[in-house]
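Each chain, letter by letter, is given below.
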Amino acid sequence: MEKEMKKGYAKIVESERTVFNDEEIRRQELQRERERQKEQEVEALKRSMQSGMAQAMKEQAQLREEMAYQYKLGNFEAAAAIQRRLEPDVV
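Report follows, based on the coordinates.

About the cut-offs
- Residues numbered from 1 in each chain as written.
- Predicted model: local features only at pLDDT ≥ 70, side-chain atom pairs only at ≥ 80, totals over all residues.
- Heavy atoms only, no water.
- Core = buried A, V, L, I, M, F, W, Y, C linked by side-chain atoms within 4.5 Å.
- Buried < 20%, exposed > 50% of the residue type's maximum accessible area, 1.4 Å probe, protein only.
- Helix = DSSP H or I, 4+ residues; strand = E, 2+ residues; numbered from the N terminus.
- Contact = heavy atoms within 4.5 Å.
- Phe/Tyr/Trp six-rings, centres within 6.5 Å; stacked < 30°, edge-to-face > 60°.

Formed by Leu63, Met67, Ala79, Ile82 and Leu86, the largest nonpolar core amounts to 5 residues. Where this core is concerned, the elements lending two or more residues are α2 (22-73) and α3 (76-86). Broken down by element, the residue count for this core peaks at 3 residues, all from α3. Leaving out residues up to four positions away in the same chain, Leu63 has contacts with Ile82, Arg85 and Leu86.

And the structure:
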């Protein structure tokens, strides 16, 4: 603490506790930690979904190019098969 004050870091204010409710303080700390961890999990899920969506979009673009190529070659059966793969799944 003294080193930090000498180096010019922000002053560390020590507050004296007047209420000694350790269990409540610990419960609040655990609650904050659980919330922080849950937020991290949600962010990780979002990132993984975005990367998965980007990969799916790339694959769709490649399939469209392949379908156009098959049409140009006159291979309409293969182009129709690719078209069916590109159609959205109806539930």
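Glancing now at the packing of aromatic side chains. Taken as a whole and judged by the stated rule, the model has 1 aromatic pair. Aromatic pair Tyr71 and Phe76: ring centres 5.8 Å apart, planes at 55°, arrangement tilted.

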